[in-house]
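Fold and contact review
Residue strings, one per chain:
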Amino acid sequence: MPNHFTPHAAGDLNYLKSLNRSTILSTVRRYPGLSRADIALRTGLTKATVGSVVNALSDSGWLREGELHARGGGRPGRSLYLDGEHHVMLGAEVGVKGLRVVACNLQGELLASQRLDDSPTTPAQTAAVLARLIEALRGDPAIATRPCLGLGVALPGPVAPQAPILRLAPNLGWVDVDFLALLRAELDWPAGVWLLDNEANAAAFGEFYFIEGAPPESIAYLSAGSGIGCGVVSGEHFPVIPRGHQGLVGEIGHTVLVAEGARCHCGNHGCAETLVSGWMLRESLGVEADASLSASLLARLDEPEVRAALARAGRALGLLMLNLHHTLNPSMLILGGSLMRLGEPLVAPALAYFDAHQNDLLRQTQRVPVKVVEDSTFTAARGAAAQVMARAAIEV
Ligand SMILES: [Zn+2]
């Protein structure tokens with residue numbers, strides 16, 4: 001997603017209105033329960049501006065009023081919250097091993113979901129299957145009558161920063177795919193925000209966006225599944241994802257760790273994915289393409305070869321964490337993706353390597369917290385839905 005606030009013309013009134021509205025929505029999202037006067041104090045906006053924007057947002061189903069309370073001896077004001085009962089936004093993930101679709105309310109709660117555990121085929125066929133899942137989701141009684149803000153789709157590869165086109169998904173063999181156009185052709189539903197992003201970016205965005213209170217300065221979400229990716233997010237009220245010239249920021253799975261190493265799906269040699277990834281573990285340990293990798297390997301933990309392979313892959317994951325830490329210095333590292341289902345045999349060596357190899361500079365500072373998301377089945381889809389909400393908050 002592009003950075004949200006790029007003024008097109010100095011003094012553009014619509015831009016100013018959009019900025020005020022989005023600032024107020026973000027303040028209520030981070031600090032639920034504030035009154036109009038509290039928001040004015042926090043944002044520096046006048047009480048009159050806050051009052052008129054809050055009224056408009058309440059009328060359009062974005063905010064709801066809660067209890068009456070008095071603070072500091074002033075006039076009592078109504079607490080304000082995001083309205084979780086009105087709008088819905090949809091998020092989808094095309095993963096290497098399946099499709100996911102979720103519907104969330106403005107508070108980030110999952111209201112309904114659909115999943116299919118078949119591997120995607122061609123882009124067009126996948127768009128058709130995903131469209132049927134989305135239609136099934138839209139028919140769910142939990143959301144059928146709610147206004148929909150739009151649809152975000154997460155894909156396993158870098159997305160061009162200027163145009164929403166998937167550049168390359170090495171583990172699907174897709175190149176330069178205008179996936180939203182394929183999806184639009186299948187869905188009779190053009191309204192709202194439509195966006196496309198890399199799955200690790202989407203997951204990172206969702207994890208950061210729905211943090212209540214002041215968020216960390218930045219987070220890095222390391223997504224370890226069939227492939228390896230990373231999303232970085234920072235910015236309290238207007239979270240921003242750095243993307244780079246070609247959308248390749250976070251493609252840590254294709255950083256080269258072994259000169260002239262094993263061949264990677266991306267066409268290069270010695271990438272991180274040749275040391276730790278779902279596809280590498282499948283190939284090296286002989287797990288069938290249609291079998292669950294985690295279930296298959298967890299059932300074989302008594303085989304020394306399997307335990308050793310997971311320990312080696314875990315150390316490579318720890319090495320990647322360390323490289324991320326030294327390169328980006330995030331306030332928090334989050335480990336997600338389907339490989340986290342492997343649990344201790346993979347994660348413990350990763351954390352041990354990370355802890356044991358802090359350099360002298362980092363050793364002197366507080367250790368960066370690491371959060372492990374054991375079940376990230378819907379994390380990227382939910383994050384894509386969060387991106388829809390962030391975009392829609394500017395455009396309402
Ligand atoms: Zn590679």
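Owing to the predicted nature of the structure, the values given are computational and were not obtained by experimental measurement. (Residues numbered from 1 in each chain as written. Predicted model: local features only at pLDDT ≥ 70, side-chain atom pairs only at ≥ 80, totals over all residues. Heavy atoms only, no water.)

**Some details on the layout of surface pockets**
To be explicit about the condition: Here a cavity denotes grid points, spaced 1 Å and computed from the protein atoms alone, that fit a 1.4 Å probe unable to get out, and a pocket denotes an open set having protein on both sides within 12 Å along at least 5 of 7 lines; residues with an atom within 4 Å of a point are the lining. Grid points are joined across faces, edges and corners, and a volume is the space filled by probe spheres set on the points. Helix and strand definitions follow DSSP, with helices as H or I runs of at least four residues and strands as E runs of at least two, each counted in order from the N terminus. By the convention adopted, Pro, Cys, Tyr, Trp, Phe, Met, Ile, Leu, Val and Ala count as nonpolar, Lys, Arg, Asp and Glu as charged, and the other residues, Gly among them, as polar. All domain edges in this entry derive from an automatic or database-based domain assignment.
Estimates place the volume of the largest pocket at around 930 Å³. Around the largest pocket, the lining comprises 43 residues; the ones closest to its centre are Val96, Lys97, Gly225, Ser226 and Ser338. Mapped onto the lining of the largest pocket, the elements with two or more residues apiece are strand 3 (88–95), strand 4 (98–104), helix 6 (199–209), strand 10 (218–224), strand 11 (228–234), helix 7 (278–285), helix 8 (293–298) and helix 12 (379–395). Class assignment of the residues belonging to the lining of the largest pocket gives a composition of twelve nonpolar, 20 polar and eleven charged. When residues of the lining of the largest pocket are assigned to domains, at least three map to each of domain 2 (88–204 + 379–395) and domain 3 (213–372).

**Some thoughts on the sheet that holds strand 9 (residues 193–198)**
Stated formally: At least two DSSP bridges between two strands are required for those strands to pair. Fitted lines through C-alpha atoms serve as axes, helices being fitted only where they are in contact, and the angles separating the N-to-C directions of these axes extend from 0 to 180 degrees.
The five strands lie next to each other as 5-4-3-6-9, forming an open sheet whose pairing is mixed. The open sheet is flanked by strand 5 (110–116) and strand 9, the only strands paired with a single partner. Within the sheet, the average angular offset between the axes of one strand and its neighbour, ignoring direction, is 15°.

**Points about the sheet that holds strand 13 (residues 370–372)**
The condition that has to hold: Note on contacts: a residue pair is in contact if any heavy atoms of the two residues lie within 4.5 Å.
In spatial order, the strands read 11-10-12-13; together these four strands make up an open sheet with mixed pairing. Strand pairing shows two members of the sheet lacking a second neighbour, strand 11 and strand 13, which therefore form its edges. Each adjacent strand pair in this sheet contributes to an overall mean axis angle of 20°, direction not counted. Relative to strand 12 (residues 332–336), strand 10 is paired through five bridges, and the arrangement is parallel. Directly across from Leu222, in strand 12, lies its bridge partner Leu335. In the packing of helix 9 (residues 304–328) onto the sheet, contacts are made with strand 10, strand 11, strand 12 and strand 13, and the angle to strand 10 comes to roughly 155°.

**What about the coordination of the zinc ion?**
Using the following cut-off: For Na, K and Ca the donor cutoff is 3.2 Å, while for all other metals N, O and S atoms count as donors only within 2.8 Å; water does not appear among the atoms, so some sites may look incomplete. By the criteria applied here, four donors are tetrahedral when all angles lie between 85 and 135 degrees, four are square planar and six octahedral when opposite donors are over 155 degrees apart and every other angle lies between 65 and 115, and any other arrangement is irregular. The classification of residues rests on relative accessible area computed with a 1.4 Å probe and restricted to protein chains. Under 20% of the type maximum is buried, over 50% is exposed, and intermediate values are partly exposed.
Coordination of the zinc ion by the protein involves His254 (ND1), Cys264 (SG), Cys266 (SG) and Cys271 (SG), with metal-donor separations of 2.0 to 2.3 Å. Taken together, the four donor atoms surrounding the zinc ion define angles of 105 to 123° at the centre, an arrangement classified as tetrahedral. Read in sequence order, the donor residues coordinating the zinc ion give the pattern H-x9-C-x1-C-x4-C. Of this pair, His254 sits in the loop between strand 11 and helix 7 while Cys266 sits in the loop between strand 11 and helix 7, placing them twelve residues apart in sequence. Look at Cys266 and you get partly exposed, because its relative accessible area is 30%.

**What about the confidence of the model for the protein chain?**
Detailed conclusions should not be drawn from predicted coordinates in areas where pLDDT is low. Filter applied, for reference: pLDDT: the predictor's confidence for each residue, scored from 0 to 100.
On average, residues of the protein chain carry a pLDDT of 92, and 95% of them reach 70 or more. Within the model, pLDDT remains below 50 along residues 1–5, and this stretch shows 19 contacts once partners closer than five positions in the same chain are excluded.

**A look at helix 12**
Applied cut-off: Here a helix's expected span is defined as the number of its residues, less one, multiplied by 1.5 Å.
Compared with an ideal rise of 1.5 Å per residue, which puts 17 residues at 24 Å, helix 12 spans 25 Å between its outermost C-alpha atoms and is within 8% of the ideal. Of all 17 residues that make up helix 12, 15 are buried, and the element is covered over most of its length.

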